[in-house]
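Residues per chain, in single letters:
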Amino acid sequence: MDLASVNEELAEIDGQIGDILRALQNGFQKLDKIKDANRRSRQLEELTDKMRDCKRLIKDFERVSKDEAGRTDPETAKMLHDRKQSMIKELNSFVALKKQYASENKRIDLFDGPSVEDGYAEENVLLASNMTNQQLMDQGNQLMDETDQAIARSKQTVQETINVGTETAAALKAQTEQMSRVVNELDSIHFSIKKASQLVKEIGRQVATDRCIMAMLFLIVAGVIAIIIVKIVNPHNKDIPNIPGLAPPVSRRLLR
């Protein structure tokens, strides 16, 4: 029976689930050909995401099927139920495959020895199942020693970081104080310039006043001199008053 004749939404969900199941089948087939552990882990993560999407779509299929069950005949309802169970069974088979590959990857991560640069690659060649108790204890002690050394290095790094932070804070404080002194000196210079400007203005005003006084004195002296000259030249001029302190000129008598 065609699902599109029952419900178009069910048919669309069924098509999406079928696409994901085919993608899962192809993905697990490719996984057998991948030898690198990191690539296998990434492939498993992608397949896990697809299985989550498939599980969500199966729930949507079940929800729509329940809504449609009250409007369909028992044969159609049974067909929808069987279709859902078939999808769940197929998805569970992929889930089991995923668990199997995941456990294999964990065994590879545990028992693949590190590079020679780590300094203990030779000891890790033996599988844990073939090691004696003494070997396991020795390896555990070695790991604890290396952990202690790593912790000591971390503490030293933290202490060095604290020292650098302290020195930086002291340098910043000194620079801040220096900037404060510079600002104070600039304020003093600005105040001195302002006072000097006021002083220059006052001196300018005093010079202008002195010049005015000198000009007035010059005019008075010039006027007095002019009067004296006129008085001497024309002593009988009544329009020019006598200057206080200056005796009138003596009249000359002609000798007979």
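The structure presented is a predicted model; accordingly, all values stated were derived computationally and were not measured.

A few words on the UniProt feature "transmembrane region" (unreviewed entry) in the protein chain. With numbering matched to this structure, UniProt assigns "transmembrane region" (unreviewed entry) to residues 213–233. From the first C-alpha to the last, residues 213–233 spans 30 Å; its make-up is 100% helix and 0% strand.

Positionally, Ser65 belongs in helix 3 (residues 37–69). There is a polar contact of 2.7 Å between the side chain of Ser65 and the backbone oxygen of Phe61. When sequence neighbours within four positions are dropped, the list of residues in contact with Ser65 reads Leu10 and Leu80.

The next subject is the packing of aromatic side chains. In this structure the tally under the stated criterion is two aromatic pairs. Relative to Tyr101, the ring of Phe28 lies with its centre 5.9 Å away and its plane at 25 degrees, an arrangement referred to as stacked. One end of the pair, Phe28, is in helix 2 (residues 8–31); the other, Tyr101, is in helix 4 (residues 74–111), and 73 residues separate them in sequence. Each residue in the set Phe28, Phe94 and Tyr101 is aromatic and connected to the rest through ring pairs, giving one cluster.

Our next topic: the pattern of salt bridges. This structure, assessed with the given rule, holds eight salt bridges. Here Arg22 ties to Asp19 by a salt bridge, and the two come within 2.3 Å at their closest N and O atoms. Residue Arg22 and its partner Asp19 are located together in helix 2, separated by three residues, close to a single helical turn. Under the relative-accessibility criterion, Asp19 is labelled partly exposed at 43%. The shortest N-O distance in the salt bridge between Lys84 and Glu62 comes to 3.4 Å. Taken together, the residues span a long stretch of sequence, with Lys84 in helix 4 and Glu62 in helix 3 at a distance of 22 residues. Judged by relative accessible area, Lys84 falls into the buried class, the value being 12%.

Moving on, we come to the packing of helix 2 against helix 3. The contact between helix 2 and helix 3 brings their axes to 9 Å, and the two run at 160 degrees. Accordingly, the angle class assigned to the pair helix 2 and helix 3 is roughly antiparallel. When you trace helix 2 past helix 3, the crossing you get is left-handed. The residue makeup of the contact of helix 2 with helix 3, split by class, is 17 nonpolar, four polar and seven charged.

Conventions and cut-offs
Residues numbered from 1 in each chain as written. Predicted model: local features only at pLDDT ≥ 70, side-chain atom pairs only at ≥ 80, totals over all residues. Heavy atoms only, no water. UniProt positions renumbered as here; feature names shortened; annotations may be inferred. Helix = DSSP H or I, 4+ residues; strand = E, 2+ residues; numbered from the N terminus. Polar contact = N/O pair within 3.5 Å; in protein donor to acceptor, adjacent residues only side chain to side chain. Contact = heavy atoms within 4.5 Å. Phe/Tyr/Trp six-rings, centres within 6.5 Å; stacked < 30°, edge-to-face > 60°. Salt bridge = Lys/Arg side-chain N within 4 Å of Asp/Glu carboxyl O. Buried < 20%, exposed > 50% of the residue type's maximum accessible area, 1.4 Å probe, protein only. Axes fitted to C-alpha atoms, helices over the stretch in contact; angles between N-to-C directions. Parallel < 35°, antiparallel > 145°, perpendicular 65-115°, else oblique. Left-handed = near helix turned anticlockwise from the far one by under 90°. Nonpolar A, V, L, I, M, F, W, Y, C, P; charged D, E, K, R; others polar.

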